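Notes for the structure review
Here are the chains, one letter per residue:
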There are 2 protein chains.
Amino acid sequence: MKTRLTSINLLDELAQPEFAELFAELIPRSYPKSSLIYAPGHDRDLVFIVRQGRVRIYLSLEDKEFSLATLEPGDIYTTHTRAHAMAMDNVELLVMPTEKFFHYILKHPALSRTIMSILGDLLKQSFSIIDSLVFKDICQRLTDFFVYEALQNGQAGQAGIRLNLDLTMEQLAAVVGSSRQTVSTIVNDMQHAKVLLKEGRGVYLVPNIEMLKAHCQS
Amino acid sequence: MKTRLTSINLLDELAQPEFAELFAELIPRSYPKSSLIYAPGHDRDLVFIVRQGRVRIYLSLEDKEFSLATLEPGDIYTTHTRAHAMAMDNVELLVMPTEKFFHYILKHPALSRTIMSILGDLLKQSFSIIDSLVFKDICQRLTDFFVYEALQNGQAGQAGIRLNLDLTMEQLAAVVGSSRQTVSTIVNDMQHAKVLLKEGRGVYLVPNIEMLKAHCQS
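Residues numbered from 1 in each chain as written. Chains lettered and ligands numbered in written order. Predicted model: local features only at pLDDT ≥ 70, side-chain atom pairs only at ≥ 80, totals over all residues. Heavy atoms only, no water.

**Some words on the packing of helix α4 (residues 109-135) of chain A against helix α4 (residues 109-135) of chain B**
When two helices pack together, their arrangement is captured by the angle between the axes and the distance separating the axes. α4 of chain B packs onto α4 of chain A with a crossing angle of 20 degrees between their chain directions and a minimal axis gap of 10 Å. With respect to their mutual orientation, α4 of chain A and α4 of chain B come out roughly parallel. The way α4 of chain A lies across α4 of chain B gives a crossing that is left-handed. Contacts between α4 of chain A and α4 of chain B involve Ser-112, Ile-115, Met-116, Leu-119, Leu-122, Leu-123, Ser-126, Phe-127, Ile-129, Ile-130, Leu-133 and Val-134 of chain A from the former and Ser-112, Ile-115, Met-116, Leu-119, Leu-122, Leu-123, Ser-126, Phe-127, Ile-129, Ile-130, Leu-133 and Val-134 of chain B from the latter. Its residues placed into classes, the contact of α4 of chain A with α4 of chain B shows 20 nonpolar, 4 polar and no charged. (Axes fitted to C-alpha atoms, helices over the stretch in contact; angles between N-to-C directions. Helix = DSSP H or I, 4+ residues; strand = E, 2+ residues; numbered from the N terminus. Parallel < 35°, antiparallel > 145°, perpendicular 65-115°, else oblique. Left-handed = near helix turned anticlockwise from the far one by under 90°. Contact = heavy atoms within 4.5 Å. Nonpolar A, V, L, I, M, F, W, Y, C, P; charged D, E, K, R; others polar.)

**Remarks on the pattern of salt bridges**
Counted by the stated rule, this structure contains 20 salt bridges over all chains. With a shortest N-O distance of 3.7 Å, Asp-131 of chain B and Arg-82 of chain A are connected by a salt bridge. Taken as a pair, Asp-131 of chain B in helix α4 and Arg-82 of chain A in the loop between β6 (76-78) and β7 (84-87) lie in two separate chains rather than in one. The shortest N-O distance in the salt bridge between Lys-213 of chain B and Glu-210 of chain B comes to 3.4 Å. Here the residue Lys-213 of chain B and the residue Glu-210 of chain B both occupy positions in helix α8 (residues 209-214), the gap between them amounting to 3 residues, near one helical turn. (Salt bridge = Lys/Arg side-chain N within 4 Å of Asp/Glu carboxyl O.)

**Quick look at the packing of aromatic side chains**
The full count for this structure, using the stated rule, is 10 aromatic pairs over all chains. Taken together, Tyr-31, Tyr-38, Phe-48 and Tyr-77 of chain A form an aromatic cluster joined through their ring pairs. Taking the ring centre of Phe-102 of chain A as reference, the NZ or CZ of Arg-113 of chain B above it sits at 4.1 Å. (Phe/Tyr/Trp six-rings, centres within 6.5 Å; stacked < 30°, edge-to-face > 60°. Lys NZ or Arg CZ within 6 Å of the ring centre and 35° of its normal.)

**Details of the sheet that holds strand β10 (residues 160-164) of chain A**
All names here are of chain A. Pairing within the open sheet is antiparallel, and its 4 strands lie in the order β9-β10-β12-β11. Each end of this open sheet is capped by a strand with a single partner; those strands are β9 (155-157) and β11 (197-200). Between one strand and the next, the sheet's axes are offset by a mean angle of 30 degrees, whatever the strand orientation. Sheet topology note: the β9/β10 ladder contains 3 bridges and is antiparallel. (Pairing = 2+ DSSP bridges.)

**A short note on the state of the cysteines**
Residues and elements named next belong to chain A. This model, assessed by the stated rule, comprises 2 disulfides over all chains. With its sulfur 2.1 Å from that of its partner, Cys-139 forms a disulfide with Cys-216. Disulfide Cys-139-Cys-216: torsion about the S-S bond near -90 degrees, hence left-handed. Here the residue Cys-139 occupies a position in helix α5 (residues 138-153), and Cys-216 occupies one in the segment after α8 (209-214), the gap between them amounting to 77 residues. What makes Cys-139 buried here is its relative accessible area of 16%. On the basis of relative accessibility, which here comes to 21%, the residue Cys-216 falls in the partly exposed class. (Disulfide = S-S within 2.5 Å. Buried < 20%, exposed > 50% of the residue type's maximum accessible area, 1.4 Å probe, protein only.)

**A short note on the domain arrangement of chain A**
Residue and element names in this part refer to chain A. Taken domain by domain, chain A comprises domain 1 (10-134) and domain 2 (138-213). Here domain 1 and domain 2 have C-alpha centroids that lie 27 Å from each other. The partner domain 2 presents 9 residues to the 8 residues of domain 1 that form the contact. In total, domain 1 and domain 2 occlude about 710 Å² of area from one another, counting both sides; carbon and sulfur atoms represent 47% of this. Where domain 1 touches domain 2, the interface holds 1 salt bridge. (Domains from an automatic or database assignment. Buried area = accessible area lost by both parts, 1.4 Å probe.)

**Comments concerning the relation of the copies chain B and chain A**
What relates the pair of chain copies is a rotation about an axis plus a shift along that axis. Superposition record for chain B on chain A: RMSD 0.0 Å, screw rotation 180 degrees, translation along axis 0.0 Å. Each copy turns onto its partner about a two-fold axis. Comparing interface residues between copies, 100% of those in chain B also sit at the interface in chain A, which points to an isologous, same-surface contact. (Least-squares fit on C-alpha atoms with pLDDT ≥ 70 in both.)

**Let's talk about the environment of Leu-119 of chain A**
Of note, Leu-119 of chain A is situated in helix α4. Placed 64 residues apart in sequence, Leu-119 of chain A and Val-183 of chain A show a C-alpha to C-alpha distance of 31 Å. When residues no more than four places from it in sequence are discounted, the contact partners of Leu-119 of chain A are Met-116, Leu-119 and Leu-123 of chain B.

**Let's talk about the sheet that holds strand β11 (residues 197-200) of chain B**
Residues and elements named next belong to chain B. In spatial order, the strands read β9-β10-β12-β11; together these 4 strands make up an open sheet with antiparallel pairing. Looking at strand neighbours, the two that pair on one side only are β9 (155-157) and β11, the edges of this open sheet. Averaged over all neighbouring strand pairs, the angle between strand axes comes to 30 degrees, with direction disregarded. Both β11 and strand β12 (residues 203-206) contribute to a ladder of 3 bridges, which runs antiparallel. What sits directly across from Lys-198, in β12, is Tyr-204. Its contacts with the sheet place helix α5 (residues 138-153) against β9, β10 (160-164) and β12, and it is angled at close to 95 degrees to β10.

**A look at the interface of chain B and chain A**
Each partner contributes to the interface: chain B provides 34 residues, whereas chain A provides 34 residues. The contact between chain B and chain A buries some 3,400 Å² in all, and 75% of this surface belongs to carbon and sulfur atoms. If you look at where chain B meets chain A, you find 4 salt bridges. Our count for the chain B to chain A interface comes out at 5 residue pairs in polar contact (both at pLDDT 80 or more). Going through the elements one at a time, β4 (55-61), β5 (64-71), α3 (98-107) and α4 of chain B are the ones with two or more residues in the side of chain B that touches chain A. Looking at which element gives the most residues to the side of chain B that touches chain A, the answer is α4 of chain B, with 18 residues. Looking at the side of chain B that touches chain A residue by residue, the classes come out as 21 nonpolar, 6 polar and 7 charged. (Polar contact = N/O pair within 3.5 Å; in protein donor to acceptor, adjacent residues only side chain to side chain.)

Spelled out as structure tokens, the structure:
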């Protein structure tokens, strides 16, 4: 289950001189760590680009949450979904009404193409989440997540790949669509099997990625 | 769980005189009922517009399937996903390489906007599927599907709303992400509770939509 949305950094693209007019109209907004940035049914239809910090996008029903994505600087998203957006760090956004943004991109075919690619990436990622929810059990989803994070963001060393996830057990549970208790049990199993070693708060060591991959089948 | 993709009919849009050049380049293709049109990893990256018949879009792993959408005339889709496409009727498609299609839409801002709206609708529908998979049990998903179909495609009469789903129990199971056995059991329960009456192959009567909506809570 991937959490990185897309490989396209819109901040880089918008820094091009031809987008100066658009860039100047983006409104900067700041949000402290852990604050709710947008909830579904937000009264304005806005697009926002992350300039600094990470933003968690998640679905919520009563006390249950499910993470759809973690936005990073350069990612774009919209308030016009059924998802919540929460600041994982101190966050800076660049905001614009969707109508106005559409107006600009229709004048700039290159930007229009970028946005279509991003929408395509988002769709592919949604399919990947659906695939995982339908065909995989929690153990496999959790393993996939650790493997993906290890390969994308881990630091390889002598002892294995070190991961700084900066996620609580609750947040990890929301990533794989399960409860904190179930995820804790599986992470403990992984530690007993020595395929994942917890080194600190949110810090894990993967001694052997192939053993981790095969863990749920054993 | 909705199966209709979007309210936009691309065939109507492409019938406008300004798209004559694009329309002329679309390649017609025919597929008999029940044939597999595209599988993931198709060697060409194509877009296709449904001209006639219904196309089922689904994920598949080993012997398990999960339906993402039912395409109808006017809907557009692409081969470049992890989904399968199967002809539910005798199907006619209009096909074009994605690169070429992109080239056209970038020259036509109005079309570009339509495609972005369709991608947005697809994303919203994906979120709706994820929401349903994470937060709802099979009974509620099945109920949501019957209620949606009754309201969208049912024929209201004296005895209630009549539905011609033209789906087997296997296909119904693939819509809600469950097994044929589980879905059969729930449909039998619904019949005993008289909230859904089976009148024939794939034909159902919903005597009272509010009672059907409340069924799983009872």
